[in-house]
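Here are the chains, one letter per residue:
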Amino acid sequence: MKFHRSFFAAIVILLYSFILQGCFLPKMTKPLFSTQNEMLVFGLDGTLLRKSPALRGTPRAIAWLPNGKAILALDGAGLARFNPETGEIEEYIGGPPYLSALQIVAGKTVMGLQPAYLTVWYYDNALKWLDDKGSMIGSIPIPQGCLDADLLDNGNILLTEGRSNRLREIQPDGATVWQSQVSLLNPYDSIPTPWNTILVSDFDHHRVIEINRNHQILYAQDGFNHPRRLALLPDRKIFAADSDQRRIMQMQQQTGASIFAERLNRPNCIAVDEARRLVVVGVESFFPPSPEDQAMSASDAKWKSWLIWWISSILVTALFLLYYVLGESLRTAKRRLAQWAEQFLDRFGQLLLAAGVLLGILAAALWSIAYIWSGVAVMSLGAVLAILSRLKPDWWFPAMPAEEEEESGEEMVEETPPSAIRFPLLLLIGLLASWFAVIWSYTWINDWFPVILWFFGPLACVYAFRKRARSQFRPADMAWLALIFLVAVFFRLYKLDEIPRGLWLDETYAVWDALTAMENGTLAPFQTMPLVRANEFEVPNLYLLFIAVTIKVFGVSFYYVKSLSILPGLGIVLAVYCLGRWSFGPWAGRLGAMCIAMNSWMVIFSRWGWMQQLYVFLAIFALAYTLRAIRWKCPRSAALAGLFLGYGFFTYVPILLTAATLAAIYAIVLLEPERKQYFKQALISAFICAIVFAPLWIYYYEHPGIFLTRAQGVGITKDLVQAGSLKPLKENLWLYAKAFHRQGDFIPRHNLPYAPLLDPLTGGLAGIGMLLLLRRFYGFAERAMLITFALGMLGGVLSARLEAPNTFRIGMAGPIICLIAALPLASLCAVRDRKKDERSPQRWTLIFVAALGIIAMEFNYERYFKKFPCQETWIGSMGQVQDLIYRRLSPKDLGPERLFVYHGFATRTFKLYMYFLDVEKNGKDAKFSTTLYTMMDLKTYVPPLAPGENILIMPPDYEALMKEKIPGIQVEILKNPYGVAEVALGRSKKH
């Protein structure tokens, strides 16, 4: 068929329509419900007047300016100026990126300074004074955990100390003047009133109270669910952001409380301008829309979505047929255009380059006088001219030396196939299915049906591309793979429930959130959900959907949850095998996979790794297929690389480093003579990645900042700002540089504390392999390994200085360093294979390699199974005490009338363990939300015993109290493997 090349134009047009329509698709939600961080402006009668565009951060506080505009404190983006009359953000001022509270103090002198703003952040230990540009001009040391601060008329400061459960008035020198003695639990906001009392939002007591300086509660209003910011009017009317009931409340002491606005997302802050009769509310994108939030009546969004899909499908099909009919004439026009372009470049190419250079100089001058965006535009134009001037291959630098091809067990299917696309109709079907999945998932966000189209659409596109290489597996390969996986399975499953003990926090939260959202019907597949708390780490719901569905099919248990980490870890072994085989040959794949199969550092991650391991698994396969696509010019391999990379964007934020790695590899090969062919491979990968990532990309577009929240939270930026120099970055570089061979991660969950990440044998081989790569850096595969290792380490180097070296941040570098360690031995074996026909083959090579492998296995067995299980590891693990309790209970012990648990043990991990027991007892009818036990403290409550056996789980020092309160109780002290008492477990039978 003759239309294959021209069909790419139809793809470009369709992608362009993605970009245009992706931001304007109709959405079926009620007006008040927000799916992004934004500001809502109400009238005093509760009428919604306008919404702001999506904010760059989460609104935490609002303060009025004298001109009627407002200053916002955006967690993650600093200060911003907001105009409530238009609903627009007029300016992002900047300042400290993370903020919990804000007060305008312009016109007042504080410690000899005249600041504009006063700010605090919960995790900071300083109260900061800012000028009108957001720059810090002074600070006062305060304890961490402050959620609000108010400058009083007497010059003192009222602190709302959430972590310390108190209010405190201090002088500027830090001396305490007054401290509350009312019972508070994580107070969030406080407002000094003109009548010398204080309004308080008592966050975890779920109430709003008014207290005086004599510690008396003058007014209390209950019925809230985590109230946050308050606003007070002169007539003593109070407005409160009732965050987790998704509403704004108004109240007065005489008339009580009433709802001002409801069915919001999570309202965090509020400000009232009585003169202008405006109420401004800052909402956070936290809750997914429930069925009640969606407009199920008069709406034409569904039909608009169908119409968009059908029209775009008809247009693409028409283009498909048009190119089929006119393909030959278009190719003739294309050849004429190419001839004209070549003549033009022959005559004006050097002038184009000169113009590009001049424009680059002009751009630099514009940047120097702060015309940033003008400079970017000029530099972009200069870059385009420079690239155009160098399109002719012989006008650039000579090609790099061709790499020496290793025996790889691959063969070319076709040398010069007619087109990269083999099945155009399959590509068309995949495109239309993917496009329909985007529209449907955006309109009906809680439907699971688009997941099917999302999965099969890109797969159809992948297999529409031509395959130009196929693997030549030898009989020995299957034996090698069987041996490698036998070793990998042994290291990952042996003593699984003992080393390390318990479930990891993130594993627990992921399973719990998946079950919660699925049973509540709010698991929108192409959105995200906070793992622990907002603004920390967002988990893509598609991963949670996978967990929830498989749980419903296969049930849930301790071993199921651990498999969520172990299976991706085993997948990494296969990925390294493919990467080594397609980069350096069969021996590199075999030995690299064997190295990672038994490496103790990688074994730790496979047992704890959770989504980080899934990300690495997808990233290594994306890299492997990219190298295969470039080496053999295979379009289908390029498509598979894009597929794995697109899946990776549904996991963990370091996938950005993988995308940067692949882009860097392509950027280098595009300098070589066959750049046109390589450019096609890059386009194919980018195209498949785009259609896989498209549904989630729309959500990230509407909620800017969510994807990078975790990176911002653990990044080194704050350290650099505080130090005022690059010293923290230099220290990080040194710590990560010596982590492999000198002093590794100190966190017991990640590594044997302070031990090198690699055993001596693997570490030595890795050093030799790195030197060989640097010596042959001009080779394509060598460059790819060096780039991948460098960018994999970047995730750690750019993380917070306090936790360095944190090997959880360099997960991508682990498999690469194992493959690099295998290269010297793989080179020996490859040479040995080439000498098989000689009279005396080098049998010593196999003996040498086998001996080193056995020694390495012994090293790693000793490190993980004998040295790693230590008391320090036990203390640093998560859920270890809950696991200790869980193994002493059985399904018959469940029930709030017979199982009584000290609240300190009743974590979410413990709840999940109880759900395991409930599943054993009731099968698929088990409900994780059912109360399976009673939380209590024996010092304050003695439970009535139910008939049969009753169990009390208390701290170990409660043993005497248990025997005093409940005569005849049998108490067992549960100790950890190192003899330390952790729990007192009492059993009492009532006849």
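Bear in mind that the values here come from a model prediction, so they are computed numbers and not experimental data.

**Examining the environment of S557**
For step 1, the next point in the chain: Tracing the sequence through the fold places S557 in the loop between helix 8 (541-554) and helix 9 (558-584).
For step 2, the next point in the chain: Given the relative accessible area of 29%, S557 is considered partly exposed.
For step 3, the next point in the chain: The spacing of S557 and E920 is 363 residues in sequence and 8.7 Å in space, taken between C-alpha atoms.

**A word on helix 22 (residues 843-867)**
Spacing of three or four residues puts side chains on the same side of an α-helix, whose turn is 3.6 residues.
For step 1, the next point in the chain: For helix 22, with 25 residues, the first-to-last C-alpha span of 35 Å sits near the 36 Å given by 1.5 Å per residue.
For step 2, the next point in the chain: Where helix 22 is concerned, the buried positions are T845, V849, L852, A856, N860, R863, Y864 and F865.

**Brief notes about unusual backbone geometry**
For step 1, the next point in the chain: The peptide bond linking I499 to P500 adopts the cis configuration, its omega dihedral lying at -25 degrees.
For step 2, the next point in the chain: The phi angle at H215 is positive, at roughly 70 degrees, despite the residue not being glycine.
For step 3, the next point in the chain: Counting through the fold element by element, H215 comes out in the loop between strand 17 (207-212) and strand 18 (217-221).

**Structural notes on the sheet that holds strand 12 (residues 157-161)**
For step 1, the next point in the chain: Strand order in the open sheet formed by four strands is 11-12-13-14, with antiparallel pairing between adjacent strands. Two strands bound the open sheet, and with one partner strand each, they are strand 11 (146-151) and strand 14 (176-179). Adjacent strand axes in the sheet meet at a mean angle of 20 degrees, parallel and antiparallel pairs treated alike.
For step 2, the next point in the chain: As defined by bridge partners, strand 11 adjoins strand 12 across five bridges and the pair is classed as antiparallel. Note that in strand 12 the partner of C146 across the bridge is E161.

**Section: the pattern of salt bridges**
For step 1, the next point in the chain: Going through the model one piece at a time under the given rule, you end up with 32 salt bridges.
For step 2, the next point in the chain: With its nearest N and O atoms 3.7 Å apart, the salt bridge here joins E284 to R60. Taken as a pair, E284 in strand 24 (residues 278-284) and R60 in strand 3 (residues 58-64) lie far apart in primary sequence, 224 residues in all.
For step 3, the next point in the chain: Judged by relative accessible area, which is 9%, R60 ranks as buried.
For step 4, the next point in the chain: In this structure, the salt-bridge partner of E972 is R888, at a minimum N-O distance of 3.3 Å.

**Topic: the packing of aromatic side chains**
For step 1, the next point in the chain: The tally for this structure, following the rule as stated, stands at 46 aromatic pairs.
For step 2, the next point in the chain: Between W480 and W587 the ring centres are 5.4 Å apart and the planes differ by 80 degrees, which places this aromatic pair in the edge-to-face class. Within this pair, whereas W480 is found in helix 6 (residues 475-493), its partner W587 is found in helix 10 (residues 586-598), the two being separated by 107 residues in sequence.
For step 3, the next point in the chain: For W587, a relative accessible area of 11% puts it in the buried group.
For step 4, the next point in the chain: Consider the rings of Y864 and F868, whose centres lie 5.3 Å apart with planes at 15 degrees: the pair is stacked. Like F868, Y864 is buried.
For step 5, the next point in the chain: Through pairs of rings, three or more aromatic residues link up here, namely W454, F526, Y647, F649, F650, F693, Y699 and Y700.
For step 6, the next point in the chain: In this structure, R213 is placed above the aromatic ring of W178, and the distance from its NZ or CZ to the ring centre is 4.9 Å.
For step 7, the next point in the chain: A cation sits over an aromatic face here: R236 above W195, 3.9 Å from the ring centre.

About the cut-offs
Sequence order sets the numbering: in each chain, residues are counted from 1 along the sequence as written. Residue-level local features of this predicted model are given only where pLDDT is at least 70; pairs of side-chain atoms are given and counted only at 80 or more, and the full residue set underlies all totals for whole chains, interfaces and linings. The side-chain figures draw on all heavy atoms in the structure; neither hydrogens nor water molecules are used. Counting from the N terminus, the helices are the DSSP runs of H or I reaching at least four residues and the strands are the DSSP runs of E reaching at least two. Residue burial is assigned from relative accessible area. The probe radius is 1.4 Å, only protein chains are included, and a residue is buried under 20% of its type maximum, exposed over 50%, and partly exposed in between. The span expected for a helix works out to 1.5 Å for each residue beyond the first. Should DSSP find at least two bridges between two strands, the strands are regarded as paired. Angles shown run from 0 to 180 degrees and are taken between the N-to-C directions of axes, each axis being a line fitted to C-alpha atoms and, for helices, limited to the stretch in contact. Note on definitions: salt bridges are taken to be side-chain nitrogens of Lys or Arg within 4 Å of carboxyl oxygens of Asp or Glu. Pairing of aromatic rings covers Phe, Tyr and Trp, the last counted by its six-membered ring, and requires centre-to-centre distances within 6.5 Å; plane angles under 30 degrees mean stacked, over 60 mean edge-to-face, and any other angle means tilted. Cation placement over rings: the criterion is NZ of Lys or CZ of Arg within 6 Å of the ring centroid and within 35° of the ring normal.

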